[in-house]
Amino acid sequence: MPQITIEHHGKVTLFTINRPGRKNAICKDTALELQAGFAEFDASEQRVAVITGAGDDAFSSGADVSNLPELWRCIPGSGFTTDKPIIAATAGWVVGGAMVLTMMCDLLVAAENTRFSYPEAKLGFTGGMIAGLAARIPHKVAMDLMLLGRPVGAQRAYDVGLASEIAPVGKQVEVAMQQAQTLAQSAPLVLTTIKRFVNQHVLPKSPSEAMAETMRQLNVVRESSDTREGMAAFREKRTPAYTGR
């Protein structure tokens, strides 16, 4: 069964993490499906993406510990790149890696019941990518959230700049889609240029972001038809026929 649903609304693509029984936890397949879906979105004529979680109890409870993902694969700017705007629409809990995912989106509409939490210091694990939070909200607020692990509600998130808008519970996707439709009617070259300038020249990358980006680029080669062809040709003692794919 697919872990996400993808719907097209004109030039806007809506991604929904569809695992409500697991509070939309991101498992291995979820991360892979999001990575593939966003790669297809980037290559398409679609102009804006919205990402949300099914229901209003949780955008996502983070990594699924029963089927651990390579979480970097579904993080914007790391597992995939796109100069097109991405809007996160959250409700309920946004935990751990899911918080990193929303942090890396361009806009964030938070339902009034949204609670952002990064408890990894208490759990004894981190992928390190959350460090980029300190480049996006005030330093001491980011450190409080990352080190003390105290949850942050929607209003506080809006006040410090983590959320760009607050919506009534159940209306977060509607509000995000309205914003997306406005963006879809704007000049694409302007939107992509501004986003590219911000991401490449204004916001610093954490070491984990740089590592994930390197892994993504190396995986393009590792998972290519040319790699399989090269290995086969070596075993078969013949000249490889490379295609650049």
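Relevant structure appears above.
Residues numbered from 1 in each chain as written. Predicted model: local features only at pLDDT ≥ 70, side-chain atom pairs only at ≥ 80, totals over all residues. Heavy atoms only, no water.

## Things to note about the pairing of strand β3 (residues 48–53)
Along any regular strand the residues' side chains alternate between the sheet's two faces.
Step number 1: β3 sits mainly inside the fold: six of its six residues count as buried.
Step number 2: Here β3 shows a buried face lined by Val48, Val50 and Thr52 and a second buried face lined by Ala49, Ile51 and Gly53.
Step number 3: Handedness of the strand β2 (residues 12–17)-helix α1 (residues 28–43)-β3 crossover: right-handed.
Step number 4: Pairing between β3 and strand β5 (residues 86–90): four bridges, direction parallel. Paired with Ile51 across the strands is Ala88, a residue of β5. (Buried < 20%, exposed > 50% of the residue type's maximum accessible area, 1.4 Å probe, protein only. Helix = DSSP H or I, 4+ residues; strand = E, 2+ residues; numbered from the N terminus. Right-handed = clockwise from strand over helix to strand, strands pointing away. Pairing = 2+ DSSP bridges.)

## A closer look at the pattern of salt bridges
Step number 1: Within the structure shown, the criterion is met by 12 salt bridges.
Step number 2: With a shortest N-O distance of 3.9 Å, Glu213 and Lys205 are connected by a salt bridge.
Step number 3: A salt bridge links Arg238 to Glu229; its shortest N-O distance comes to 2.6 Å.
Step number 4: For Glu229, a relative accessible area of 18% puts it in the buried group. (Salt bridge = Lys/Arg side-chain N within 4 Å of Asp/Glu carboxyl O.)

## Some remarks on the sheet that holds β2
Step number 1: Spatially, the six strands line up as an open sheet ordered β1-β2-β3-β5-β7-β10, and their pairing is mixed. Two strands in the sheet have a free side with no partner beyond their single neighbour: β1 (4–9) and β10 (165–167). Recorded for the sheet is a direction-independent mean angle of 20 degrees between the axes of neighbouring strands.
Step number 2: Of the pairings in the sheet, the one linking strand β7 (residues 107–111) to β10 comprises three bridges and is parallel in character. Residue pairing for β10: Ala111 is matched across the bridge by Ala167.
Step number 3: Running over the sheet, α1 touches β1, β2, β3 and β5 and is turned about 180 degrees from β2.
Step number 4: Sheet contacts for helix α6 (residues 172–184): β1, β2, β3, β5, β7 and β10; angle to β5, the most-contacted strand, approximately 170 degrees. (Axes fitted to C-alpha atoms, helices over the stretch in contact; angles between N-to-C directions. Contact = heavy atoms within 4.5 Å.)

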